[in-house]
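What follows is each chain in one-letter form.
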Amino acid sequence: MAEYTQQQLLDLVNSSQVNPGDERVRQITQRIVSDLFRAIDDLDIKPDEFWAGVDWLARLGASGQLGLITAGLGFDRLIDIREEEADVAAGRAAGTPRAIEGPLYIAGAPLSDGQARLDEDPAQGTVLVMEGQVRDVDGKPVAGALVDVWHANELGRYSHFDPDQEDYHLRRKIRTDAQGRYRFRSFIPPGYAIPPNSPTSELFEALGRHGNRPAHIHFLVAAEGLRTLTTQVNIPGDTFLDDDFAFATRDGLVVELQPDTPPAGYESLGVDAPFTRVCFDFVLQPALDADEARPQARMDRATA
Ligand SMILES: [Fe+2]
């Protein structure tokens, strides 16, 4: 018998099995396929619409922009919200709020002790020094924590993904000193938008949405025995601060700018004129196990 109703076909797709396979993958696939079968029927999705969608997915995968779409459709923030709901339910002390990693982290940035300069001469934009302390939830400074920092250049592009920038430009890893302190010099980065004429922009145009992110700086902070924190800080005053295409900005992560800070004490960062200072401390939760303390980005964790 090879004539099926929609339901018979769905049941067959979801139950076909010649070996045990992976039970979790089977469970998730069955749910997603069932939901898509229902959507196709409920929305009366036509063959041309279905195959246009398949073509778009193929182009999206080839473009390397899947991580933009997951952020733009809210999935990255959803994962963070669920983690925080789980923390609240488990009564875990909160640290610095999480913010999405985004798709542009690269491991292996040059490591410095205590401080680093991210940018290069000639300096671009407004000179920024950001500094602070890494602490645990009891307020104890964490010496030897690793603060991975990365941000976009003056054109809103990230090194490694932009062939016009040197390797690891605007990317550093800073080890905190005995008092748990870090600091770095760079410039205040601009916001940026999704690439034009791309599968991502195609969808956003069809959805009537913009693809702008407000200015921000990314961090991955890790230390022994503490839960790895992935977050961002936002620069105040940006037009898109409350209208981020990736839904990633948070009240507790908008920093205060201290313009016209005198350069005394910052000479070792090459600062010799008044600059804009930002103070921000990172508070890390205790790790429940070694896995939570792994200093890895999301894809490295997922594929480890
Ligand atoms: Fe970013």
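Treat the numbers as computed from the prediction; the structure is a model and nothing was measured. (Residues numbered from 1 in each chain as written. Predicted model: local features only at pLDDT ≥ 70, side-chain atom pairs only at ≥ 80, totals over all residues.)

In this section: the UniProt feature "domain: Intradiol ring-cleavage dioxygenases" (unreviewed entry) in the protein. When the UniProt feature table is mapped onto this chain numbering, "domain: Intradiol ring-cleavage dioxygenases" (unreviewed entry) sits at residues 130-158. Taken as a whole, residues 130-158 contains 0% helix and 41% strand, while its terminal C-alpha atoms sit 19 Å from one another. (UniProt positions renumbered as here; feature names shortened; annotations may be inferred. Helix = DSSP H or I, 4+ residues; strand = E, 2+ residues; numbered from the N terminus.)

In this section: the pairing of strand S10 (residues 229-234). A regular strand places its side chains so that they alternate between the two faces of the sheet. Among the six residues in S10, six count as buried, and that is most of the element. The alternating pattern of S10 places Leu229, Thr231 and Val233 and Thr230, Gln232 and Asn234 on opposite faces, both of which are buried. Note that strand S9 (residues 216-222) and S10 share six bridges and pair antiparallel. Within S10, the residue paired with Phe219 across the bridge is Thr231. Where S9 folds back onto S10 in an antiparallel hairpin, the turn is made up of six residues, including Gly225, whose phi is positive at roughly 80°. (Buried ≥ 20, exposed ≤ 12 C-beta atoms within 10 Å, placed from the backbone. Pairing = 2+ DSSP bridges.)

Close contact between helix H1 (residues 6-15) and helix H2 (residues 23-42) brings their axes to 10 Å; oriented N to C, the two are set at 160°. Viewed along their axes, H1 and H2 adopt a mutual orientation that is roughly antiparallel. Of the two possible hands of crossing, H1 and H2 adopt the one that is right-handed. Residues Gln6, Leu10, Val13 and Asn14 of H1 pack against Gln30, Val33, Ser34, Phe37 and Asp41 of H2. Classifying every residue of the contact of H1 with H2 by side-chain character gives four nonpolar, four polar and one charged. (Axes fitted to C-alpha atoms, helices over the stretch in contact; angles between N-to-C directions. Parallel < 35°, antiparallel > 145°, perpendicular 65-115°, else oblique. Left-handed = near helix turned anticlockwise from the far one by under 90°. Contact = placed C-beta atoms within 7 Å. Nonpolar A, V, L, I, M, F, W, Y, C, P; charged D, E, K, R; others polar.)

Attention now goes to the sheet that holds strand S5 (residues 171-175). Reading across the sheet, the five strands line up as S1-S5-S4-S9-S10 and stay open at both edges, with mixed pairing between neighbours. Every other strand in the sheet has two partners, leaving strand S1 (111-113) and S10 as the edge strands with one partner each. With strand direction ignored, the average angle separating the axes of adjacent strands in the sheet is 25°. Here strand S4 (residues 146-150) pairs with S5 via five bridges, running antiparallel. Looking at the pairing, Asp148 lines up with Lys173 of S5.

Turning to unusual backbone geometry, a few remarks are in order. The amide bond that connects Asp121 to the next residue, Pro122, takes the cis arrangement and shows omega of -5°. Looking at where Pro122 falls in the secondary structure, it is placed in the loop between strand S2 (115-117) and strand S3 (127-136). For Asp44, which is not a glycine, the phi torsion comes out positive at approximately 50°. With respect to the secondary-structure elements, Asp44 resides in the loop between H2 and helix H3 (47-63). At Phe247, a position not held by glycine, the phi torsion is positive, near 55°. Of note, Phe247 is situated in the loop between S10 and strand S11 (258-261).

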